[in-house]
Amino acid sequence: MPQLQEVTVDELKHLVSNRAIEGETVLLNMGPQHPATHGVLRLLVELDGETVVNCVPDIGFLHTGVEKNMEAKTYQKAEVMTDRLDYLNTVGNNLAYCMAVEKLVDLDVPPRAQAIRVILTELQRLASHLVWIGTHALDLAAMSMFMYAFREREIILDILELVSGQRMMTTYFRPGGVWRDVPVEFEGAVRDFIKLFPKRIDEYEALLTKNPLLMDRLLGIGVLTKENALSYGVTGPMLRASGVDWDLRKVRPYMGYEQYDFEVPVRTEGDNYARYLVRVQEMREALKIVEQALDKLPMGPVRSDNRKFVPPPRSEIGTSMEALIHHFKLWTEGFEAPRGGIYSAVEGPRGELGVYLEGDGGPKPYRVHMRTPSFENVSVLPVLAKGHLVADLIAIIGSIDFVLGDIDR
Amino acid sequence: MNTKLEKVIQAARSEFACAVEEFRGEAHLIVDPERIVAVITWLRDVQDFPLLSAMTAVDYWPKMDPRFHVIYQLTSLSKNLSVQVRAPVPGARPVMSTVSGVFANANWREREIWDMFGIHFDGHPDPRRILMPQDWEGHPLRKDYPLGYEEPQFTFNFEEIDLRKPYAKE
Amino acid sequence: MGVEQKLGNMGIVTTTLEEVVNWSRTRAMWPMLFGLACCAIEMMGAQAADYDMSRFGMELMRASPRQADLMIVAGRVSRKMGPVLRRLYDQMPEPKWVISMGDCASCGGVFNNYAIFQGVDEVVPVDVYVAGCPPRPESLIHGVMTLYEKVKAEKFKDLSKS
C-alpha cells in the first residue's frame, strides 16, 4: 500500500513566491477530494488573506494509462476506451477516434451515417453543456438549476439509450459509419425534444442570465486575453469568448457540417460571463443543427461497404464465402492500417479534441495520443485566478468547464 | 496538398533545409533537435501559426534509431492550415530544448513528455512529473515499459488469485 | 387481544435494540462525495430529478469525511489517488460502509494496466459491489438497498472489534 508522500518546502520553493516561504502568505491545499473542483484536481493555492496570489494545479489523480492500453488492443477494441476519457462528451470522443481511423485507412462514411453522427454529436454537446450549467450554477448557489439541467439531460440519455442500448458509454460510432441503423422511434423522440428544449433554455436564461447575483459573481472575473488564449493553446468556448472566431465545424467542416446553417457565438470580453453567454448560445445553435440534420436525413446504408474494415451484415454471412472470410479476419485479427501518423481533430464542447494516430502496418495502433482540450484549458487557471478571491476561484473553475478524465487520460 | 501549404513547405525547406514527408494530405517537416526552437519561432512569427494544437512524442524502440520523435502540431488561423513538425531524438541521451518560451502550453506538454517518455527538456522552468506520482520510477509510454496487465479473476482461477490479491485490512 | 395490539393503540411498538439501531443507521445514511470519473456523473444523475436518492435519506452528500457514513467510490482509482482514498476512509468515523460503484472500482474495469488499482478493495474494505460501466442510477439504488439489507442483518456481537 503506497504511502502518502509528505511534500517538503524545498520541492515547492520554485512554485510559490518568497512571501509564502517566509510565512507571509498562506498555502492552502484544495485537495483532490473537494466538492467544487469538478473532479479530482488538486490546487495548491497561495493566499494573501482572501486574495489568490498564485495557484498551482496538480493533476494526475485520474491518470488511466489509456494511451498505453490502446496500443495493446486492436483498432476496433481500442475505441471502447475512448468513451471514458471525457465522460461528458462520450459520443464526441468516439467521433474523434473514428474519424482518425477513417483518415488513416482512407475509409469512406456514407451520408446517412454522417447525418446520424451529427445529430448524436450535437445532442451530446447539449448534454455536456447541461451538466456544465447545472454544476456551475450549483457552485454559485443556484441549486435548483442542477435539478432542471439533469431533468433535460435524462431525455437526451433516453435518446442515446434508444439508439445504442447504453446511456453514456455508447461506442455507437464505429470506423466506417455507425453500428446499426436508428430505430423508428428515433425521429419522434428527437422531434419531441426539439419542440421542448427551446422553452427550457428560455427558462434557464430567465433564471440566470440577467440575475444580478450571477452577474456580480461572473462579470469581470477571470479575464482571458486573446494573446494569452492563443499562447496557452486554449480552444473551444473559452477561445471564442476571448474574441477569436475559431470553430472547427465552420473552418474545417467534417461529417457534412457545411450543409447546416448555424452561427458560432463569439464575444470579446473574455470573462466568466462571456463564457457563460457563449455556451448558452451554443446550446441554441446545437439544437438548430439537430433539427436541420433530422429534416435532411438521407436514406441509405449506415456503414461503409469496404469489407476490409467493416464487418458484413449477418444475412450475408450465410450466403457468401467472402463475407464469411472477411468476418473471420476482422474478428480474429482486425484490419491492418498503413504506416504513418496522422492528426485529426473535431470540435468538442470543450474545445479541439484531436487524435494523433500512428499505424505500423499491423492491426493494433502503434501510438494513439488524444489531444484533449481540458489539458490546455486548465493550464491557464493560474493566469485567470491571480488577484481574485477564493470564491471567484470557484466560479472560474466552473466557468472553464474542464473534465478530469480529459486532462489525465 | 493545397497551394498555401505548399508555399509554407517551400519556405521552410529553403530556410532550414529540412526533409518533408507527406501522408494523407498532411505535411510533416523533419527537423534536427538543435534547430527546433528556431523552426517553431519562425513558424509562429513569420508564417503566422499562433496555436500549438498538440505536442506529443512517439517511441520507435527497437525498430528505429533515433528512438524518439517529438511531434509538434501547429495551426494557423488566418491561413487555416496545419503543419506537423517532427524532431528525431536519440535514445541514448534524450535531450531537447524547450519551446515553452515560444508557446506557453508547451510547459505542461513537455512535463507530460518527460513523465511518459523520459525526454529531458533543457531550460524548462519546472521539470517535474505531471501525471504519475512524484516518486514513480520509469517512463510508462516507452515501449520497453510493461503494460502492467494483471490476470483477471474468472471462476476457474478464483481461489488462486484470491490468495495473492492484496485485500485491504480494516 | 394481545399485548402488542393494546400497546399499538397507545402508540408504542416493541422491538429489539438491534433492529432499532440498524434501522436508524440505514434510514439517514449520508454519503461522502467521492465521485472520481464517469460513475460520478451517474451518481449525480441518481441524486437529481428522475432517480431521487433523497428518498433514501441521502439528500445531502457531505464533502467532509468526518460527517459521512457511506463512501461510494464512484470511478477508477489511480495509483496516485490510492493513498488519498485510504486517508479519507481512515478519517470517517465508525460506523462506516463502502459501496464500490462501477466496474473500475470493483475490479479495474476496462483498464487492466499500470495506472489503475484492479479493484478498490485493495485499498479499502468494500461492503457492496455495484456492477456496470457506468451502472444505471437504478443499479446504484439497488446497491444501496442491498447495503440496507446487509446493515439490517448486523448483530451487536459482530460489531465489537477486539
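The rules behind each value
Residues numbered from 1 in each chain as written. Chains lettered and ligands numbered in written order. Predicted model: local features only at pLDDT ≥ 70, side-chain atom pairs only at ≥ 80, totals over all residues. Heavy atoms only, no water. Buried < 20%, exposed > 50% of the residue type's maximum accessible area, 1.4 Å probe, protein only. Helix = DSSP H or I, 4+ residues; strand = E, 2+ residues; numbered from the N terminus. Pairing = 2+ DSSP bridges. Axes fitted to C-alpha atoms, helices over the stretch in contact; angles between N-to-C directions. Parallel < 35°, antiparallel > 145°, perpendicular 65-115°, else oblique. Left-handed = near helix turned anticlockwise from the far one by under 90°. Contact = heavy atoms within 4.5 Å. Nonpolar A, V, L, I, M, F, W, Y, C, P; charged D, E, K, R; others polar. Buried area = accessible area lost by both parts, 1.4 Å probe. Salt bridge = Lys/Arg side-chain N within 4 Å of Asp/Glu carboxyl O. Polar contact = N/O pair within 3.5 Å; in protein donor to acceptor, adjacent residues only side chain to side chain. Phe/Tyr/Trp six-rings, centres within 6.5 Å; stacked < 30°, edge-to-face > 60°.

1. Overview of the pairing of strand β2 (residues 42-48) of chain A
Residues and elements named next belong to chain A.
Reasoning step 1: The buried fraction of β2 is high, at six of seven residues.
Reasoning step 2: Pairing analysis gives five bridges linking strand β1 (residues 26-30) to β2, with the strands arranged antiparallel. From the neighbouring strand, Met30 faces β2, where its bridge partner is Leu43.
Reasoning step 3: Looking at chain direction, β2 and strand β3 (residues 51-58) are connected through seven bridges and run antiparallel. The residue bridging Asp48 from the neighbouring strand is Thr51, located in β3.
Reasoning step 4: The turn linking β2 back onto β3 is made up of two residues, and Gly49 within it adopts a positive phi angle of 75°.

2. Description of the packing of helix α2 (residues 17-27) of chain C against helix α6 (residues 137-152) of chain C
Residues and elements named next belong to chain C.
Reasoning step 1: With their axes 9 Å apart at the nearest point, α2 and α6 run at an angle of 160° to one another. Taken together, α2 and α6 sit at an angle that is classed as roughly antiparallel. Relative to α6, the crossing made by α2 is right-handed. Residues Asn22, Arg25, Thr26 and Arg27 of α2 form the contact with α6, whose participating residues are Tyr148, Val151 and Lys152.
Reasoning step 2: The residue inventory of the contact of α2 with α6, partitioned by class, reads two nonpolar, two polar and three charged.

3. So, the sheet that holds strand β2 (residues 70-74) of chain C
Reasoning step 1: On the basis of which strands lie adjacent, the open sheet formed by four strands has the order β1-β2-β3-β4 (chain C) and parallel pairing. Strands at the two margins of the open sheet, each flanked by one partner only, are β1 (31-32) and β4 (128-130) of chain C.

4. Some remarks on the interface of chain B and chain A
Reasoning step 1: Facing 51 residues of chain B, the contacting portion of chain A comprises 49 residues.
Reasoning step 2: Here chain B packs against chain A, burying approximately 4,000 Å² in sum over the two surfaces, 55% of which is carbon and sulfur.
Reasoning step 3: Its largest share of buried area at the contact with chain A, chain B owes to B:Arg24, B:Trp108 and B:Leu131, together 17% of the area lost on that side.
Reasoning step 4: The interface formed by chain B and chain A includes five salt bridges.
Reasoning step 5: At the surface where chain B touches chain A, the tally comes to 26 residue pairs in polar contact (both at pLDDT 80 or more).
Reasoning step 6: Elements that contribute at least two residues to the side of chain B that touches chain A include exactly β2 (26-30), β3 (51-59), β4 (68-76), β5 (81-89) and α3 (106-117) of chain B.
Reasoning step 7: The class makeup of the residues in the side of chain B that touches chain A is 28 nonpolar, eleven polar and twelve charged.

5. Regarding the sheet that holds β3(A)
The strands that make up a sheet pair up through hydrogen bonds in the backbone, lying either parallel or antiparallel.
Residues and elements named next belong to chain A.
Reasoning step 1: Read across the open sheet, the three strands follow the order β1-β2-β3; overall the sheet is antiparallel. With partners counted over all chains shown, the strands left at the sheet margins are β1 and β3, one partner each. Across the sheet, the mean angle separating the axes of adjacent strands is 20° when strand polarity is ignored.
Reasoning step 2: Where helix α18 (residues 390-400) meets the sheet, its contacts fall on β1, β2 and β3, and the angle it forms with β2 comes to roughly 150°.

6. Remarks on the pattern of salt bridges
All names here are of chain A.
Reasoning step 1: Per the stated rule, a full pass over the model turns up 50 salt bridges over all chains.
Reasoning step 2: A salt bridge links Arg125 to Glu122, with the nearest nitrogen and oxygen atoms 3.2 Å apart. Taken together, the residues span about one helical turn, with Arg125 and Glu122 both in helix α6 (residues 111-139) at a distance of three residues.
Reasoning step 3: With a relative accessible area of 0%, Glu122 lands in the buried category.
Reasoning step 4: For Arg284, the salt bridge identified is with Asp202, shortest N-O distance 3.0 Å. You can see Arg284 sitting in helix α13 (residues 272-295) and its partner Asp202 sitting in helix α8 (residues 185-208), a full 82 residues away along the chain.

7. Some details on the packing of aromatic side chains
Reasoning step 1: Counted according to the given criterion, the structure contains 16 aromatic pairs over all chains.
Reasoning step 2: Judged by centre distance (6.0 Å) and plane angle (15°), the ring pair of A:Tyr273 and A:Tyr276 falls under stacked. Of this pair, A:Tyr273 and A:Tyr276 both sit in helix α13, separated by three residues, roughly a single helical turn. Neither A:Tyr273 nor A:Tyr276 differs from the other in exposure class; each is buried.
Reasoning step 3: Both rings, one in B:Tyr145 and one in C:Tyr114, keep their centres 5.9 Å apart while their planes meet at 85°; by these two values the pair is edge-to-face. Of this pair, B:Tyr145 sits in the loop between β7 (120-122) and α4 (158-164) while C:Tyr114 sits in the loop between α5 (103-107) and β4, which puts the two residues in different chains.

8. Overview of the packing of helix α4 (residues 75-83) of chain A against helix α5 (residues 90-105) of chain A
Residues and elements named next belong to chain A.
Reasoning step 1: The interhelical angle for the contact between α4 and α5, taken along N-to-C directions, is 150°, at an axis separation of 8 Å. With respect to α5, the element α4 is oriented roughly antiparallel. Helix-helix and strand crossings are classified by hand; for α4 and α5 the assignment is right-handed. Mapping the contact onto sequence places Tyr75, Ala78, Glu79, Thr82 and Asp83 in α4 and Thr90, Asn93, Asn94, Tyr97, Cys98, Val101 and Leu104 in α5.
Reasoning step 2: Residue composition of the contact of α4 with α5, by class: six nonpolar, four polar and two charged.

9. Let's talk about unusual backbone geometry
Generally, phi is negative for residues other than glycine and the peptide bonds are trans, each holding for most cases.
Reasoning step 1: Each neighbour pair has its own omega, and for B:Trp61 with B:Pro62 the value is -10°, a cis peptide bond.
Reasoning step 2: Within the fold, B:Pro62 resides in the loop between β3 and β4.
Reasoning step 3: The amide bond that connects C:Glu94 to the next residue, C:Pro95, takes the cis arrangement and shows omega of -5°.
Reasoning step 4: Relative to the helices and strands, C:Pro95 is located in the loop between α4 (82-91) and β3 (97-101).
Reasoning step 5: For B:Arg24, which is not glycine, the phi dihedral falls at a positive 55°.
Reasoning step 6: Mapped onto the secondary structure, B:Arg24 falls in the loop between β1 (19-23) and β2.
Reasoning step 7: Among the residues examined, B:Arg24 registers a relative accessible area of 34% and is labelled partly exposed.
Reasoning step 8: The residue B:Asp48 is not glycine, and still its phi comes out positive at about 60°.
Reasoning step 9: By secondary structure assignment, the location of B:Asp48 is in the loop between α2 (36-45) and β3.

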